[in-house]
Amino acid sequence: MIVARRAHRSVDILRRVPRSHRNCTGTGSPACETIAGVTVTEESPFLRACRREPVPYTPVWFMRMAGRSLPEYRKARGSLPMLKALSRADVITEITLQPLRRYDADAAILFSDIVVPLKALGLDIDIKPGVGPIIARPIRGEGDLARLRDLDPSDVPFVTEAVTALVAELGAKPLIGFAGGPFTLASYLIEGGPSKSHDRTKSLMYGNPALWHALLGRLADIAISFLRVQVAAGASAVQLFDSWAGAVGPEDYRASVLPHSRRIFDALADSGVPRIHFGVATGELLGMMGEAGADVVGVDWRVPLDEAVRRVDHGKALQGNLDPAILLAPWDVIERRAKDVLGRGRTAEGHVFNLGHGVLPDTNPDVLARLTDLVHQESVREPG
Ligand code: CP3
């Protein structure tokens, strides 16, 4: 199985050679030199930083870089409801590529949502604009678990189709696949929608551990299957968004969440792709989020990166962590704060520049373009 997967990946990677390089036949031409090594994608600054290898400059991408901050996104969505748009390979492909046309970002992230696999299993879910996912019949008892069978690749053919098309289109640029983490998905399913305090979720976690673990076990299975679909189609890295896991304290995280996240990361270990783990307000959990098996720990803006370095074990890269709200400030403020993030990021074994959470809808795309260039210019390393 492992051998078959590796073989598949190497064929896959050859397909990712940029179009301009595909026709080179001999060796020695500049275009071919980059191919003579392993592969262009595998040697991209983003994947190198995830693997804690030397990079020519700090790679950068932005969570939620596709979406409402881009006028062309609104055009591509038109009147399509969010989950309808996310079930059409052509729309997913187009919207994923939109930020790459504006920003010289070092990776693309698949345009999808953490609730897409749940919708594909037949749950009655809607994404309400300005609100988030709404679940018609929340999970409240053992009987509700039957609705969460495992995900089969045939449930999400549009994801396979979109990832395949994107990988061909992106050339050497890596595509990041993602899934929702077990606490965050459980919270939407139990609360029935977004929640500030996650009261019902935590009361189920404290009051009915058997149901809690059964539920998170199923959500972990679904996340594993969803990530495997994306990796099989050519995604070069995966990110587990356990955005709201910061709602629990460290001991509860260790007992009630970490085992399920660990199972997800373990299941992806033989895929060979870097695994990123991110949550908001997870400053007290950063060490355990690494321990769960991530190669890269995502950090929100609350913990400076040099402090995050002290909180995670050796052998991890970091991703983050400019406060997205800083992008609404004048450029001199953005520049100063971005340089500060880069400086602190240098203390990490590997650093992928990002925001501390997603791009805010009011962000000016020109500012993100300028920030991308600033990160690249400011972080250039001398060769050798
Ligand atoms: O990063 C990217 O560009 C990829 C796109 C992406 C979306 N959702 C598209 C989306 C990603 C990575 C997600 C993950 C996601 N979805 C998370 C984890 C990341 C995070 O932000 O913490 C969570 C918690 C969700 C659940 C969800 N879906 C929320 C909270 C919302 C926003 C509600 C709103 O309108 O403010 C959604 C909807 C959603 N998912 C939008 C986008 C672009 C906005 C929908 C719209 O255009 O109206």
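Refer to the structure above for everything that follows.
So, a few notes on the structure that sits alongside this text. (Residues numbered from 1 in each chain as written. Predicted model: local features only at pLDDT ≥ 70, side-chain atom pairs only at ≥ 80, totals over all residues. Heavy atoms only, no water.)

Moving on: the overall build of the protein. When helices and strands are tallied, the protein shows 18 helices and nine strands. Here the protein, with 384 residues, has 57% of them falling under the buried criterion. A separation threshold of at least 6 residues defines the contact pool for the protein, and within that pool the share at least 24 residues apart is 73%. Of the accessible surface of the protein, which amounts to about 15900 Å², a share of 53% is contributed by carbon and sulfur atoms. (Helix = DSSP H or I, 4+ residues; strand = E, 2+ residues; numbered from the N terminus. Buried < 20%, exposed > 50% of the residue type's maximum accessible area, 1.4 Å probe, protein only. Contact = heavy atoms within 4.5 Å. Areas by Shrake-Rupley, 256 points an atom, 1.4 Å probe, with all protein chains shown as cover.)

For the rest of this paragraph, the subject is the site of the ligand. Every one of the 26 residues lining the ligand counts as a neighbour, but Arg64, Tyr73, Gly130, Ser243 and His357 are closest to it. In the environment of the ligand, an oxygen atom lies 2.5 Å from a nitrogen or oxygen atom belonging to the backbone of Arg64. Between the ligand and Ala66, the relevant distance is 3.2 Å, taken from an oxygen atom to a main-chain nitrogen or oxygen of the residue. Isolated, the ligand exposes 870 Å² of accessible area, and the fraction of that covered by the protein chains is 92%. Every element with two or more residues in the shell around the ligand is listed here: helix H5 (71-77) and strand S3 (132-135). Residues belonging to the shell around the ligand are distributed by class as follows: 17 nonpolar, five polar and four charged. (Near = heavy atom within 4 Å. Polar contact = N/O pair within 3.5 Å; in protein donor to acceptor, adjacent residues only side chain to side chain. Nonpolar A, V, L, I, M, F, W, Y, C, P; charged D, E, K, R; others polar.)

This part is about the packing of helix H10 (residues 182-191) against helix H11 (residues 199-207). Packed helices, taken two at a time, are described by the angle between their axes plus the distance between the axes. Contact pair H10 / H11: the axes reach a minimum separation of 8 Å and the direction vectors enclose 105°. By the angle between their directions, the pair H10 and H11 is classed as roughly perpendicular. Each of Phe183, Ala186, Ser187, Ile190 and Glu191 in H10 lies in contact with H11, whose residues at this interface are Asp199, Arg200, Thr201 and Leu204. Taken together, the residues that form the contact of H10 with H11 break down as four nonpolar, two polar and three charged. (Axes fitted to C-alpha atoms, helices over the stretch in contact; angles between N-to-C directions. Parallel < 35°, antiparallel > 145°, perpendicular 65-115°, else oblique.)

Right, let's talk about the pairing of S3 for a bit. Across four bridges, strand S2 (residues 125-128) lies against S3 in antiparallel orientation. Directly across from Asp126, in S3, lies its bridge partner Ile134. Counting the residues that bridge the hairpin from S2 to S3 gives three residues, and of these Gly130 lies at a positive phi of roughly 80°. (Pairing = 2+ DSSP bridges.)

Here we take up the packing of aromatic side chains. Here the structure, examined in full by the defined rule, presents five aromatic pairs. One aromatic cluster is present, formed by Phe178, Phe241 and Phe278 through successive ring pairs. (Phe/Tyr/Trp six-rings, centres within 6.5 Å; stacked < 30°, edge-to-face > 60°.)

What follows is about the environment of Leu285. As for its placement among the helices and strands, Leu285 is situated in the loop between strand S6 (275-278) and helix H15 (286-291). Separated by 32 residues in the primary sequence, Leu285 and Tyr253 place their C-alpha atoms 7.6 Å from one another. Once you skip the residues sitting within four places of it in the chain, Leu285 turns out to touch Ala245, Gly246, Val248, Gly249, Pro250 and Tyr253.

Let us look at the pattern of salt bridges. Going through the model one piece at a time under the given rule, you end up with 23 salt bridges. Here Arg263 and Asp221 are joined by a salt bridge, their closest N and O atoms 3.0 Å apart. Remark: Asp221 occurs in helix H12 (residues 209-232) and Arg263 occurs in helix H14 (residues 258-268); sequence separation between them is 42 residues. A relative accessible area of 29% places Asp221 in the partly exposed class. Notably, a salt bridge pairs Asp300 with Arg302, separated by 2.3 Å at the nearest N-O pair. A relative accessible area of 3% means that Asp300 is categorised as buried. Linked by salt bridges that have partners in common, Glu42, Glu43, Arg48, Arg51 and Glu53 make up one network. (Salt bridge = Lys/Arg side-chain N within 4 Å of Asp/Glu carboxyl O.)

The subject of this paragraph is the nonpolar core. Counting 129 residues, the largest nonpolar core has Phe46, Leu215, Phe353 and Leu371 as the members making the most contacts within it. A total of 13 residues in this core trace back to one element, the largest contributor, which is H12. Dropping the residues within four chain positions of it, Phe46 is found in contact with Pro59, Trp61, Asp106, Ala107, Pro174, Ile176, Ala237, Ile276, Gln319 and Val352. (Core = buried A, V, L, I, M, F, W, Y, C linked by side-chain atoms within 4.5 Å.)

The sheet built from seven strands is open, its strands ordered S1-S4-S5-S6-S7-S8-S9 with parallel pairing. Looking at the sheet topology across the chains shown, the edges are occupied by strand S1 (108-109) and strand S9 (351-355). In this structure, strand S4 (residues 175-180) lies alongside strand S5 (residues 237-241), joined through five bridges in parallel fashion. Paired with Ala179 across the bridge in S5 is Leu240.

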